[in-house]
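# Analysis of the macromolecular model
Chain by chain, the residues run as shown.
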Amino acid sequence: MNYVVNEQLETVSHTLFRSLGSGGVYARTALFEQVVEGLSSLISRYREPGTEVLRFPPVINRAQVEKSGYLHSFPHLLGCVSCLQGSESDIRAALEGHNVDQEWVTALSATDLVLAPAACYPLYPLVASRGQIPRGGAKFDVACDCFRHENSHEIGRFQSFRMREYVCIGAPDEVLKFRSEWLGRVDELANVLGIPYRTAAASDPFFGRAGKMMAVSQVEQELKFELLIPLRSQESPTACMSFNYHRDHFGIIWQLRTEAGEVAHTACVAFGIDRLALALFTLHGVDFERWPRHVRDAIAV
Ligand code: ATP
Ligand code: ZN
Ligand code: MG
């Protein structure tokens with residue numbers, strides 16, 4: 001079957017999104033949000049007992065993002081919160097130049113906040129501050145609005161989008177089990193949603209030449225898998241979920257320890273909520289009433 005539905009993608013975008021003057025930033029209509037809510041509650045039904053739920057704001061402490069390695073690996077994607085700082089007269093001076101539109105921008109200076117690029121970053125330092133991870137590992141359900149300074153604004157590559165994640169912190173075997181169990185649920189989830197898909201080893205969009213080598217090694221070691229849905233074409237399907245094993249990366253940085261005193265490993269399973277909703281509308285159409293009955297039932301809130 002051919003799932004090349006580019007035209008459909010355009011229709012979906014026109015029907016469900018409203019332009020807000022910047023590429024990849026949209027207002028979403030009630031129908032789109034209804035499906036987003038339905039998806040979110042479907043995902044919640046997969047939450048394992050004992051999972052702690054935390055909802056994060058769209059900003060993160062800048063020092064935490066620097067320390068986590070994000071700045072080093074993805075400086076091109078990161079957005080920083082900048083403000084006019086200083087005394088009232090400093091701020092007034094920035095607004096009273098001849099060419100105010102540009103001058104106030106050059107007078108901006110960075111604050112201690114950056115825009116969240118993914119939902120799980122604030123979790124690791126927070127959990128580390130509580131002491132050792134209990135035997136069996138700790139599981140979390142986190143979410144936030146994310147920002148990425150993407151270099152293309154094709155439909156589905158938003159600058160501002162929502163991410164939901166299940167995260168596991170524990171011994172290597174516990175964390176790997178968590179990730180493989182999630183990979184094992186994909187087929188059921190895709191059937192429930194009536195979407196064609198495949199999974200594949202993938203890499204993160206690391207910055208620069210050294211980053212290319214990191215990406216190759218990430219694929220070789222199967223540290224990241226993606227759930228790919230053919231929205232644009234079969235050849236370049238869209239990543240709607242990712243299954244990431246960070247090994248001891250965050251454990252070392254934040255000194256996360258298991259009860260046995262070992263460095264904890266971490267893994268996260270990320271749902272690109274807006275992309276999943278976009279996929280449903282692209283594949284089933286913009287008329288919700290005509291979606292397959294079982295899909296409508298699955299995402300009924
Ligand atoms: P891509 O491969 O499309 O660049 P990614 O590999 O950088 O995405 P992750 O960092 O794994 O994505 O983020 C988890 C999920 O968040 C992705 O699988 C995707 O569904 C969603 N996502 C990532 N970037 C965007 C974006 N710019 N717009 C919408 N959703 C996104
Ligand atoms: Zn994550
Ligand atoms: Mg990717």
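Structure report, in brief. (Residues numbered from 1 in each chain as written. Chains lettered and ligands numbered in written order. Predicted model: local features only at pLDDT ≥ 70, side-chain atom pairs only at ≥ 80, totals over all residues. Heavy atoms only, no water.)

## Section: the sheet that holds strand E6 (residues 109-115)
Judged by pairing direction, the sheet is antiparallel, and its three strands sit side by side in the order E4-E6-E5 without closing on themselves. Edge positions in the open sheet fall to strand E4 (59-61) and strand E5 (80-83), since each of these has one partner strand only. Ignoring which end each strand starts from, the neighbouring axes of this sheet average 50° apart. Pairing geometry for E4 and E6, over three bridges, is antiparallel. (Pairing = 2+ DSSP bridges. Helix = DSSP H or I, 4+ residues; strand = E, 2+ residues; numbered from the N terminus. Axes fitted to C-alpha atoms, helices over the stretch in contact; angles between N-to-C directions.)

## What to know about the site of ligand 1
Close to ligand 1 lie 17 residues; Glu 150, Phe 158, Lys 224, Ser 242 and Arg 275 are nearest. Between ligand 1 and Gly 156 there is a distance of 3.3 Å, counted from a nitrogen atom to a backbone nitrogen or oxygen. In the complex, 91% of the free accessible area of ligand 1, which totals 580 Å², lies under the protein chains. Listing elements by their share of the shell around ligand 1, those giving two or more residues are strand E8 (160-170), strand E10 (224-229), strand E11 (238-247) and strand E12 (265-272). With four residues, E11 is the single largest residue contributor to the shell around ligand 1. (Near = heavy atom within 4 Å. Polar contact = N/O pair within 3.5 Å; in protein donor to acceptor, adjacent residues only side chain to side chain. Areas by Shrake-Rupley, 256 points an atom, 1.4 Å probe, with all protein chains shown as cover.)

## Side note on the pairing of E8
Among the eleven residues that make up E8, ten are buried, leaving the element largely enclosed by the rest of the structure. Note that strand E7 (residues 138-147) and E8 share ten bridges and pair antiparallel. Within E8, the residue paired with Phe 140 across the bridge is Val 167. Both E8 and E12 contribute to a ladder of eight bridges, which runs antiparallel. Across the sheet, Glu 165 pairs through a bridge with Ala 270, a residue of E12. (Buried < 20%, exposed > 50% of the residue type's maximum accessible area, 1.4 Å probe, protein only.)

## Digging into the coordination of the zinc ion (ligand 2)
The protein atoms that coordinate the zinc ion (ligand 2) are Cys 120 (SG), Glu 165 (OE) and Cys 268 (SG), at distances spanning 2.0 to 2.3 Å. Site description for the zinc ion (ligand 2): donor spacing in sequence, C-x44-E-x102-C. One end of the pair, Glu 165, is in strand E8; the other, Cys 268, is in strand E12, and 103 residues separate them in sequence. Neither Glu 165 nor Cys 268 differs from the other in exposure class; each is buried. (Donors = N, O, S within 2.8 Å, 3.2 Å for Na, K, Ca; no water.)

## What about the packing of helix H2 (residues 30-45) against helix H11 (residues 273-284)?
Between H2 and H11, the shortest axis-to-axis distance is 9 Å and the interhelical angle comes to 115°. It follows that H2 is roughly perpendicular to H11 by the angle criterion. In this structure, the crossing between H2 and H11 has a hand that is right-handed. Of H11, the residues touching H2 (which contributes Leu 31, Phe 32, Val 35, Val 36, Leu 39, Ser 40 and Ile 43) are Ile 273, Asp 274, Leu 276, Ala 277, Leu 278, Leu 280 and Phe 281. (Parallel < 35°, antiparallel > 145°, perpendicular 65-115°, else oblique. Left-handed = near helix turned anticlockwise from the far one by under 90°. Contact = heavy atoms within 4.5 Å.)

## Quick notes on the side chain of Ser 242
For Ser 242, the location among the structural elements is in strand E11. Of the residues examined, Ser 242 reaches a relative accessible area of 11% and is grouped as buried. Within the structure, Ser 242 has its side chain in polar contact with the side chain of Asn 244 (distance 3.0 Å). In this structure, Ser 242 is in contact with Lys 224, Phe 225, Glu 226, Cys 268, Val 269 and Ala 270, ignoring residues within four places of it in sequence.

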